[in-house]
Amino acid sequence: MSRAQAESVIKNIIREIAQECASKGQAVSETLVAFMVKAVVLDPANEFNVDRTLTKDDVQKLIKLCVDRLMDARSPGLDTIKMQVYFDMNYTTRADFLDEHRRVLETRLLPVIQEITSSRARTREELESLYRKIVSAVLLRSGLGSPTDLAVVREATAALQSVFPQTELGTFMTLTKREKERQLAELTLIVTGIRLFNKECGKGGEGIDDLPAILNEAIPATTQSVDEEIQSTLLCAYKYTTLIEEMHKRQIKEGPSIQLLKEALINSRQHETFLRIILSDIINCAHQVELLENQLGTRMEQLQATVQSKTAVPTAQVYPQFIHLAQLWSGFQDEMVLLSVLSNILASLEPFTRGHKEQLSDELIKPYLEGLVVKTDEQRIQETNDQRVNPTDYKAEKWEWLFPDTTKNFSRLQLQYRGYCAYTLGACDRLLVPGNPEIGIMRFREHYYAFSSKDAAYKFAECPQDFIALVAEAAKKSPELIQLLELHTQFSTITPYSQNRDAGKMIEKPITKCDSGSQTDTHILESNIVKTYAWNEWELRRKAIKLANLRTKVTHAMQTNGSNMRRDNETQVYLPKEQDTQTNQDNYSNVSKPQTFLHGLRGGGTGIPTVMYKVDLTVDVSEPPIVKEFSVPIPKKK
């Protein structure tokens, strides 16, 4: 069967299962059906052989098993699968959420924008109608008030007229479609900034909600709600873990089904994982809002300093500030959208946890918990903090062990099975107990495993392959573990929903056989190939004629900027000769200081002409220096 035929058969099976479930009053998505088909095929109890083509009886059996499992309203395992499908289909990254929101907004605005850019208004009434459409487009894109509110429209019109008066419509009509769209986007930002600034000054702001105040109130409330949900989910997980451990120790068969308890525990742990992802996003929202508030306050102060009480301000100074102000406000709107989406996802996850809470109510399991200590994850970790694997022990010396004080970036290691104890998962058949990395992390085949106790680490180290195989078999019984424990590498045909949205390809088995061929090269070694060899006689003659013609030719060469520095040049010079000089005696000379005296500058008296003489008093170099003697009187003692 070809690949296209296989995909067609798979899609028909999925469609038939979905229709049969719908006829029984249960609406299911094709993604959920595809995952259930794969889960049924993987379960060894159903005895499906994936290496051969399914017969007609196999298809009917597959459809019946899938419908039965999908219609089981009291299965925590099915609730977990539904939760995983819903979360993977509705949750994405922060950037993807915002991009999708902007895409939807632009799609809704597209008819209005097209009507404006394609308008051919000529009369006065048509131009006034076009201007009103521009005001509506600005309001719709900015999200600051309703276009049907008269006060909002008046304020937006006044702000637009200060930037883009109606007399400029003629110039606007001459622009191309792309330029019109760009100018509309720029006008929206400037008008939004003006309205926000007027609201800050108390001169306007009709229809503008105080988004920073709303976010500062909504984020803590949502965070508290998620925290309470996490604590409630963890409390259920702690109780289920205690009961399962007690049943394994004493082989108790009374009370709730151990299979039901394990499925409920998996459901609680999966719910906790999703809640922590949502909580992390909400905390990021809080940080982003705080950053936006600081930037908004700074921008408002700068605008106040720029405008103050001036009657006219250059547009080059205020327009960029208005645009930045509008962009900051758009950031607050994005946080509102993101918080709303996360709140909706949070509320939608809760129904997937009701099944096990109703079947395993507090009144039902309370008698079985009497005399037992329900330990939290923190208590289990504290009890084992003093335990540590000794790498020199005979059980552990074969493997590499990592510890916090000897490993860089220890806390960033990607632990296998999402950090749950690898030994307990296999030995106790799907029992989820958190591992304590302080005990020591074992590295095996480029994967890192954590354990809940020192003994568990030693037992796992004796034969890791066996326990890894046990975990894989447990995942076949409970396929929801593939998503929870991130076992996609072991089950390569099942990929995360975020990576594979096609329902038909999710149950496609890998290709294990193919037609292939090989050919031995004639010359294996490159050195054995003779580059100048030619089998054709005429090729040799052509080369000979070419060489004969070259004898009578003159070779010319030139160098251009493009060919500069492309040829190898070499130069050879003699090394500098070492030379030095030596004098017999060091000496110096002392030249007398020039001195000149001008005589007769004061004049000769009344009636006598003034005659000036210049007398050279410089001592000749050959004369000895004149040494003057001075006598200093010594004062007498009194």
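Residues numbered from 1 in each chain as written. Predicted model: local features only at pLDDT ≥ 70, side-chain atom pairs only at ≥ 80, totals over all residues. Heavy atoms only, no water.

Describing the overall build of the protein chain
Here's step 1: Scanning the protein chain from N- to C-terminus turns up 20 helices and 5 strands.
Here's step 2: Taking all 638 residues of the protein chain together, 37% fall into the buried category.
Here's step 3: Taking the contacts inside the protein chain whose residues are at least 6 apart along the sequence as the reference set, 71% of them involve residues at least 24 apart. (Helix = DSSP H or I, 4+ residues; strand = E, 2+ residues; numbered from the N terminus. Buried < 20%, exposed > 50% of the residue type's maximum accessible area, 1.4 Å probe, protein only. Contact = heavy atoms within 4.5 Å.)

Looking at the packing of helix 2 (residues 30-42) against helix 4 (residues 76-90)
Here's step 1: Closest axis-to-axis distance for the helix 2/helix 4 pair is 10 Å, and the angle between their directions is 130 degrees. If you check the angle between helix 2 and helix 4, you find them oblique. Judged by the sense of rotation from one axis to the other, the crossing of helix 2 with helix 4 is right-handed. Mapping the contact onto sequence places Thr31, Leu32, Phe35 and Met36 in helix 2 and Leu78, Ile81, Lys82, Gln84, Val85 and Met89 in helix 4.
Here's step 2: Split into classes, the residues belonging to the contact of helix 2 with helix 4 amount to 7 nonpolar, 2 polar and 1 charged. (Axes fitted to C-alpha atoms, helices over the stretch in contact; angles between N-to-C directions. Parallel < 35°, antiparallel > 145°, perpendicular 65-115°, else oblique. Left-handed = near helix turned anticlockwise from the far one by under 90°. Nonpolar A, V, L, I, M, F, W, Y, C, P; charged D, E, K, R; others polar.)

Here we look at the pairing of strand 2 (residues 441-444)
Here's step 1: Relative to strand 2, strand 1 (residues 400-402) is paired through 3 bridges, and the arrangement is antiparallel. Across the sheet, Glu400 pairs through a bridge with Arg443, a residue of strand 2.
Here's step 2: Note that strand 2 and strand 3 (residues 447-449) share 3 bridges and pair antiparallel. Counterpart to Phe444 in the pairing with strand 3 is His447.
Here's step 3: As consecutive antiparallel partners, strand 2 and strand 3 are separated by 2 residues, and within that stretch Arg445 has a phi angle of approximately 55 degrees, a positive value. (Pairing = 2+ DSSP bridges.)

A look at the packing of aromatic side chains
Here's step 1: On inspection of all chains with the given rule, the structure shows 15 aromatic pairs.
Here's step 2: For the pair Tyr86 and Phe352, a centre-to-centre distance of 6.0 Å together with 45 degrees between the ring planes defines the contact as tilted. One end of the pair, Tyr86, is in helix 4; the other, Phe352, is in the loop between helix 12 (315-349) and helix 13 (354-359), with 266 residues separating them in the sequence.
Here's step 3: Taking relative accessible area as the criterion, Phe352 reaches 17% and is therefore assigned buried.
Here's step 4: Pairing Phe87 with Tyr91 gives two aromatic rings, centres 4.8 Å apart and planes at 15 degrees, and the pair type is stacked. (Phe/Tyr/Trp six-rings, centres within 6.5 Å; stacked < 30°, edge-to-face > 60°.)

Structural notes on the sheet that holds strand 2
For sheets, the rule is that strands pair by backbone hydrogen bonds, running either parallel or antiparallel.
Here's step 1: Spatial ordering of the open sheet is given by 1-2-3, a layout of 3 strands whose pairing is antiparallel. Edge positions in the open sheet fall to strand 1 and strand 3, since each of these has one partner strand only. On average, each strand axis in the sheet is inclined to that of its neighbour by 35 degrees, with strand direction left out of account.

Details of helix 17 (residues 454-462)
Here's step 1: Among the residues of helix 17, Ala456, Ala457, Tyr458, Phe460 and Ala461 are the ones counted as buried.
Here's step 2: Against the buried residues of helix 17 lie strand 1, helix 16 (422-427), strand 2, strand 3 and helix 18 (464-477).
Here's step 3: A side-chain oxygen of the first residue of helix 17 lies 3.2 Å from the backbone nitrogen of Ala456; this N-cap is Ser453. (Polar contact = N/O pair within 3.5 Å; in protein donor to acceptor, adjacent residues only side chain to side chain.)

Remarks on the nonpolar core
Nonpolar side chains in soluble globular proteins tend to end up buried together.
Here's step 1: Ile134, Leu160, Phe164, Ile278, Trp329, Phe332 and Leu349 are the most contacted members of the largest nonpolar core, which totals 65 residues.
Here's step 2: When residues in this core are grouped by element, the largest group, 13 residues, is from helix 12.
Here's step 3: In contact with Phe164, not counting residues within four places along its chain, are Tyr131, Ile134, Leu169, Phe172, Gln183 and Leu187. (Core = buried A, V, L, I, M, F, W, Y, C linked by side-chain atoms within 4.5 Å.)

Considering helix 5 (residues 94-117)
Here's step 1: Taking 1.5 Å of rise per residue, 24 residues should cover 34 Å, and helix 5 covers 32 Å from first to last C-alpha, within 8% of that figure.
Here's step 2: The largest bend in helix 5 is about 45 degrees, located at Leu110, with the proline Pro111 one to four residues further on.
Here's step 3: Looking only at helix 5, the buried set comprises Phe97, Leu98, Leu109, Ile113, Ile116 and Thr117.
Here's step 4: In this structure, the buried residues of helix 5 make contact with helix 4, helix 6 (124-142), helix 8 (169-173), helix 9 (177-201) and helix 12. (Expected span 1.5 Å × (residues − 1). Bend = angle between axes of the 7 residues up to and from the residue.)

Overview of the pattern of salt bridges
Here's step 1: Under the criterion given, the structure shown has 26 salt bridges.
Here's step 2: Among the salt bridges present, the one from Arg102 reaches Asp334, with a minimum N-O distance of 2.7 Å. Placement of the pair is Arg102 in helix 5 and Asp334 in helix 12, with a sequence separation of 232 residues.
Here's step 3: Using a relative accessible area of 9% as the deciding quantity, one classes Asp334 as buried. (Salt bridge = Lys/Arg side-chain N within 4 Å of Asp/Glu carboxyl O.)

Comments concerning the packing of helix 5 against helix 6
Here's step 1: Orientation of helix 5 relative to helix 6, taken along the N-to-C sense of each, is 165 degrees, at an axis distance of 10 Å. Compared by their axis directions, helix 5 and helix 6 come out roughly antiparallel. Along this stretch, helix 5 crosses helix 6, giving a crossing that reads as left-handed. The residues of helix 6 that touch helix 5, namely those facing Leu105, Glu106, Leu109, Val112, Ile113, Glu115 and Ile116, are Leu130, Lys133, Ile134, Ala137, Leu140 and Arg141.
Here's step 2: Class assignment of the residues belonging to the contact of helix 5 with helix 6 gives a composition of 9 nonpolar, no polar and 4 charged.

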